[in-house]
Every structure is written in structure tokens, then in C-alpha cells.
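Chains, contacts and geometry: an overview
So the chains spell out like this:
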Amino acid sequence: MSDRTYAAGELVGVLTTEPLGRVLDYRAPEGGCGDGDFVEVPLGPRRVLGVVWGRGKGDWDPAKVRPVSRVLDAPPMRAELRTFLQRAADYTLTPLPQMLRLATRAPGLGEGVAVRRVYRLGGAVPNQLTEARHRVVEALRAFGGAPMTLGELAEEAGCGTSVIKGLVKLGVVVEEDAPRDLPFATLDPAGAAVLAGDQVAAGDALVAAVNGGEYSTTLLKGVTGSGKTEVYLEAVAECIRLGRQALVLLPEIALTAEFLTRVEARFGARPAEWHSGVTQTERRRVWRMVASGQAQFVVGARSALFLPFQRLGLVVVDEEHDTSYKQEEGVLYNARDMAVLRAAVAGCPVVLASATPSLETWANVEAGKYGRLDLSARYGPAEMPDLGVIDMREANLPANSWISAKLGAEIGARLDRGEQSLVFLNRRGYAPVTLCRACGAQVGCDHCDARMVEHRFLKRLVCHQCGATKPMPEACPSCKVEGKMAAVGPGVERMAEEVQARFPQARVAVLSSDLFGSARELKAQIEAIAAGAADIIIGTQIVAKGHNFPLLTLVGVIDADLGLQGSDLRAAERTFQLMRQVAGRAGRSEKRGAAWLQTHQPEHPVIRAILGGDEEAFWRAEAAERKAAGVPPYGRMAGVILSSPDLQQVFDFGAELARRDGPLRKVGAQVFGPAPAPIARVRGRHRVRLLVKAGKLVPLQAALAEWVAQVRVPNNLRMAIDIDPQSF
Ligand code: ADP
Ligand code: ZN
């Protein structure tokens, strides 16, 4: 990407976020402009936001080329970020305007220098407030008193703006000019942590990589609690010392709280945060501080990759194997892979940290593309938990109970000693199946093809596929017989019932993502549990991710076989990762922990690998299987998701596309399908998927582009290309 400047009247290309798909010609405005400048340009009758994207092509009638309306008061987008957007668009086959949208999410970008009004709590809050007014007050309180704009406050409180204006008249809410961006507190990298054992070599290697200032990818592998975070924070410290910016990606917002506290302890101040839980006002500040180079350290979700860093010096992807790094809506991309690309373009090292790396990353290490650093033991006195299986074929449990005698005894022993236990079941809700005992019918979702799951705490049926909810019916929707709807199988809520019945004296807490209205509530609950507010935790996979529960010494997995069913080739990898992560929750301080897996197939190779068999042997076996099947990471894959309200149409269209596979066959790629997509119906749209499989070295994107360009997509049909799909 170039970094030219253009005199007034010169032809420039401008990329907008409008779905036109191409860079349009304009004339540089009075005073000129430069590549990367944020500008406002006329488009039809409107004015839209754009970025100057090189010289104009001059392929338009010169008389019709209009001038740029104005250059915005925002730091220009650097060539580096523009190159990243271009390459990410090429890789994911995403139209460039859609990519640009990810990088222009900074609120207020188009507002230029206009002074904005913000709102905060003012004087005393009267006792008698209307429901809506009360929500406004609550919303302002929730964000720790930070001022909010009218729009964001109205959205957060779910009310009209007139309600807020009313509160301003009463003096309860104060309206004022937005303060100028406050600078972030300076992080102090001086105080070094004392690394120990093999942390030292790992820390040195990463610090050297940051110092070298060149692109490299390193897997930092170590069991939970081995000090990976400690080690990469040293690399962050080096980055800050050098005056460069560091970015750490976390897979869950819920994890940031603990992380921020640690950073504050290490550096004396907090990093900038970038994720969906950050207010618009704060985001605007973060965006500007990153662009001006003042933000030294950003911790964020995957979208933080699109921030306008000035001097990016290090990228860390923590829990790199986590599936939530894959964005499954809008632009389909895997943030782990995009982080590698971002670092490559910026010319800086990227660290992928995990206790259970993805097979993709493992294979890249084997192939010599990525480096690897190992932390072999837990830090300090903490040791890895003892792992064992409980053979459920011999458990002889009564109906509607799922805790074996052995696991029950282990929990009882922890209770007696005042230690915590975790009962893990990766199933939200009360029971996975609700059916009518009279006719056998199950309640389906009205909006998609999934069955509804009973959530007793919410007193509703919930669709885990599309999120729709409805009340639990008294009578069977099919045969109309009343009082016969019955729960079959356990979900976490039902496990809580069983646990409470068995241990009436225990304090039981359920941790499941649907039980918390916000990340804030979830965080508060996690902190309370970590401090000892519960004896037994019943949890879904949100407890597997990084949270530190110092009092926890037992993990009981109710159904270790759960992830092994189904045909997904990644099932073994996922189960292995999840079970290892969950087991890693036990015994993170002085007391040794134990993890017990209930299983019906103790001989299964995955179960045996989880139990601490030779981990590298497991990965080699997995790799061999994938190689034989020719699937990622030893082959390339892409999904084409077609959706339409009309099932017949979408299948016919898919079939036609599959027939015209010439451009794919030319490069030796094969197409499978159409078949129902993993999520086969969403919001009234039927979804089918074609899967394309190709050799490792095939120029897949080019072939795909040529292939889909052969057909015209009808208006009511949507097509999305998913490079490297998660399931296959
Ligand atoms: P991981 O990221 O691999 O799960 P952490 O970095 O969170 O591991 O380390 C686990 C615990 O051990 C943390 O409480 C951390 O503060 C502590 N710890 C690890 N290494 C050190 C060290 N060298 N000095 C002091 N504490 C450490
Ligand atoms: Zn649904």
C-alpha cells in the first residue's frame, strides 16, 4: 500500500463501507488529502464515510467525478492496516468494504470534531420513579458512573430519549459536553516478575523475539497454572519498554476481569479494553488512543485486531485453541489466523498460548513454521491433578440420577474438609430433551429446526440454536394431554437438583452462561465463588476457561463421552481439549487436586489420552487420521453456506453450483453437497452447505472465486463463504 499525498483536484480512489465492492474515484478536496485519510464523500444523494485508497483509476467520465466532501479529523489509516484489510479480505473472500467496516467501528468516527453531549447521574435519586426512569438510573449506575451518550443510554435502558430528557429536567441526570479524551495511565514495565524453572528460557525467548522486531509465530504450551500468562506478560513488558504497543486477545469477556487485575498488579495501571462490554464513549477513547500510539497495551476480543495501532510490537492469542475465536456471522474469520496475519504485516512476533493447542497450530509447529516453547510443570507447589475414570457401565444408578457412588463419596470428602468441588456437565438448562409421556412428541422451536430445551430457572423453554424462548406448555402441543410433559436426561440445572438433594447442607452454585444477564454479573459470581461462597459448583464449559478457583480440589465430569458422539472429525480434538481444561481447574494452589471422569467407554483412545497417556502420541494419531482423510490441517476446506426462505430453491441452487464444478476440478478440488448446514434453519431461513475439499497447496480462494462467479445469486438467496470451517 502506498502513502502518497494528493493535491486538490487530483484523482484519488476512495473505499467506502457501502456494499459496492469497489474503490471509487473522487477528486482530492481543497487542501489535498493523503492515502489512509478518513474522508466523507458524496454517494448518490448521501454522504458516506470512506478511506483514501491509492490513486484514482481514471476509468470514469472525468466530468462526473465528484470531489471529496471533507477530510475527517481522525488519524489516517496506516498502510499497514490497509494491507492487513486487503489480505484478510483476499483470504476470507470477503468484499473489501465489509472488511473495512470492521476497522471503522469506532463510534463517532464520522462525527468529526463536533462536541457531543453526554449524560451522568446528578443529584439525589427520588424513591418514586417510573419503571423506565428507574432503568435509566440503573444503566448509569451499572457503568460505574461513566458518562454515556443519549443513544447508548437509551439503548442500555431500553427506553425513549424523552425519558432521559425528563430526568435531566428533574436534575436526577446531568447533561454536559463530552470530556476530551482522558489519556490512559502509564504502564510501568520496570518491576520484573521472577520467572522460575523453564519459565526463564521461555520468557527470554519471547523477550528476544519482541526485541528483534520481526515477524515470528510461537506456540507457548504449558498446562493450566504453569505460568504462561506470567511469561507472556514479560514479553508485553519488553514491548512497552521499547515504546511499542502490545495486544492480547482473550476468548471470553468474562476472563478479562481477572486479567486486568493481574496487569494492574504487574504494571501499576490497567490496559485499554476493547470488546462488546465496553461503552461507546470508552471505545471512542480507546480507538483514538490506539491510533495516537498512547495506548501501550490493549486487551480485547477478536475485533481488537482491527484497531489502528501505530507501532504494534507484540500480539498474544491466549487460549488459542478456543472455538469462540471463530467469528460465525458476518465476516467469517478465525481470529487466531488473522492475528498471525496481522503480526506478519506489522512485522512483529505473535504468541499463541494454550494448554491444549489446536491441531492446526500443532501441525504448524511440526512443519517448522511456528516455534514452540514448553512450560512443563505447574508453578510453585501446585501439582497436576490426579486423573481417574469411573466406569458407568458398572454404576447401576437409579433412574434420574447421574452421580456415581464413587464421585458422590469424593464430593462428600471435600465437603468434610471444607474444599470446593466442581461438577461439570456441558449442557445448559434443565434437561436436553422434554417430551410428552403420552405421545412421545417433543417441543420444537417455531423459528428453526432445533428442539427446545427446558430452563427451569428461567421457567421457559429455550432454543439453543437461535435463542427463541416460550413458556413451558401445560399440555402436549401435539396430543393435547395435560400434565405429561417430562424431562429426559440431565442438564446443569437438573444436576444442581441432584447435588442439593444428596448434600442438603452444601452451598450449591450453578455457572452457566444463560443464567447471567451480563458479563458483569457473571464476573461477580465467579469472584464470589473463588472467594469461597460455594461448596459445590455445577458448571458448563464457561468454567473450563481460565478462571482460577483456589479452593477447588475436585472436578467430577458427569459425562466425558458427551463430545465423542456425532460425526465431526474434530470431536476427538475438542473433547480432549475440553476435558483437559476442566481437569486443570482442580488443585491450583497448595492442595493437590483430583479429576474423575464418568464414562461408558473407558477404553476409548480419546478418554485414555485425556487420562494422561502420551499427549504427543495422541496428537500424532489425530494428525495421521486427518492426513488420511485429507482434511485440515493437511488439506484445505471451505464451506459455502446458502440460505433462503425457500428450501427447494436453496437446494436447487446448491445443486446447480455443485454441477458446475469445472473451476474446482481444474485444481483438483472436490465439492460435496448440498446438505443441510450445521445450523439448518435460522430465523425462517433454510440453510444448506456445500463443502469444498482441496489439497494443501491448491490456490483455493482463486478457484472458489471463479467457481461462484459462474452463477448469479437470486435476490432472496444469500451466499457466504466460510474458509476453514470449524466443523467438517
Ligand atoms: P497459566 O497462564 O499457564 O494458566 P499463570 O500465569 O496464570 O498460568 O500462573 C498460574 C499462577 O501461578 C498464577 O497465580 C501466577 O501468578 C503464579 N505464578 C506463575 N509463575 C510465577 C512466578 N514466576 N512467580 C510468581 N508467581 C507465579
Ligand atoms: Zn430456534
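Since this is a predicted model, take the numbers as computed values, not measurements.

Criteria and thresholds
- Residues numbered from 1 in each chain as written.
- Chains lettered and ligands numbered in written order.
- Predicted model: local features only at pLDDT ≥ 70, side-chain atom pairs only at ≥ 80, totals over all residues.
- Buried ≥ 20, exposed ≤ 12 C-beta atoms within 10 Å, placed from the backbone.
- Helix = DSSP H or I, 4+ residues; strand = E, 2+ residues; numbered from the N terminus.
- Pairing = 2+ DSSP bridges.
- Axes fitted to C-alpha atoms, helices over the stretch in contact; angles between N-to-C directions.
- Contact = placed C-beta atoms within 7 Å.
- UniProt positions renumbered as here; feature names shortened; annotations may be inferred.
- Arc of directions from axis to C-beta.
- Domains from an automatic or database assignment.

Further remarks concern the pairing of strand β22 (residues 433-436). Alternating positions in β22 separate cleanly, T434 and C436 being buried on one face and V433 and L435 remaining unburied on the opposite face. Across four bridges, the pairing between β22 and strand β26 (residues 485-488) is antiparallel. Within the sheet, the bridge partner assigned to T434 lies in β26 and is A487.

Across the sheet, which stays open at both edges, the seven strands sit in the order β13-β14-β12-β15-β18-β11-β19 with parallel pairing between neighbours. Each edge of the open sheet carries a strand with a single partner, namely β13 (272-274) and β19 (371-375). The mean inter-strand angle of the sheet, taken between neighbouring strand axes irrespective of direction, is 20°. Contacting β13 and β14 (297-300), helix α9 (residues 280-291) runs over the sheet at an angle of about 115° to β13.

With an omega of 5°, the peptide bond running from P632 to P633 counts as cis. On the secondary structure map, P633 appears in the loop between α17 (615-629) and β31 (636-644). For the bond from G673 to P674, the omega torsion is 10°, close enough to zero to count as cis. Its place among the elements puts P674 in strand β32 (residues 670-682). One non-glycine residue with positive phi stands out, namely E319, at about 50°. Summarising the element assignment, E319 is placed in the loop between β15 (312-318) and β16 (326-327). Phi is positive for N400, close to 55°, though the residue is something other than glycine. If you trace the backbone, N400 turns up in the loop between β20 (386-391) and α12 (405-417). Among the residues examined, N400 registers 13 C-beta atoms within 10 Å and is labelled partly exposed.

The UniProt entry lists C445, C448, C463 and C466 under the feature "binding site: Zn(2+) 2" (unreviewed entry), expressed in the numbering used here. Across 22 residues, the annotated set stays spatially compact, with a maximum C-alpha separation of 8.7 Å. Note on placement: C448 falls in the loop between β22 and β23 (453-455). By C-beta crowding, C448 is classed as buried, having 21 other C-beta atoms within 10 Å. Sequence-distant contacts of C448, defined by excluding residues within four places in its chain, comprise C463, Q465, C466, R681 and V682. Tracing the backbone shows C466 in the loop between β24 (460-462) and β25 (469-471). With near-sequence residues (within four places) excluded, C466 lies in contact with C445, H447, C448, V682 and R683.

Turning to the sheet that holds strand β2 (residues 11-16), a few remarks are in order. Across the sheet, five strands lie side by side as β3-β2-β6-β5-β7; this open sheet has antiparallel pairing. Because the sheet does not close on itself, it has two edges, and the strands there are β3 (24-27) and β7 (70-71).

This part takes up the UniProt feature "domain: Helicase ATP-binding" (unreviewed entry) in the chain. The feature "domain: Helicase ATP-binding" (unreviewed entry), as annotated in UniProt, sits at residues 209-375 in this numbering. Regarding residues 209-375, the helix share stands at 37% and the strand share at 25%, and the terminal C-alpha atoms are separated by 18 Å.

Right, let's get into helix α5 (residues 161-170). When α5 is considered as a whole, its buried residues turn out to be V163, I164 and L167. Buried residues in α5, looked at end-on, bunch into an arc of 100°, giving them a common side. Of the residues in α5, the exposed ones pointing more than 90 degrees away from the buried face are T161, S162 and K169. If you follow the buried residues of α5, they end up packed against β8 (117-121), α3 (131-142), α4 (150-157) and β10 (173-177). One or two steps after α5, the chain reaches G171, where phi turns positive at roughly 85°.

What follows is about the domain arrangement of the chain. The domains assigned to the chain are domain 1 (5-78), domain 2 (115-179), domain 3 (198-375), domain 4 (386-432 + 489-623) and domain 5 (635-723). Each of domain 2 and domain 4 was reduced to a C-alpha centroid, and the two centroids are 43 Å apart.

Along any regular strand, the residues point their side chains to alternate faces of the sheet. Examined bridge by bridge, β8 and β10 share five bridges and lie antiparallel to one another. Residue pairing across strands places R117 opposite D177, the latter belonging to β10. Pairing analysis gives two bridges linking β8 to strand β9 (residues 148-149), with the strands arranged antiparallel. Bridge pairing in β9 links Y119 to M148.

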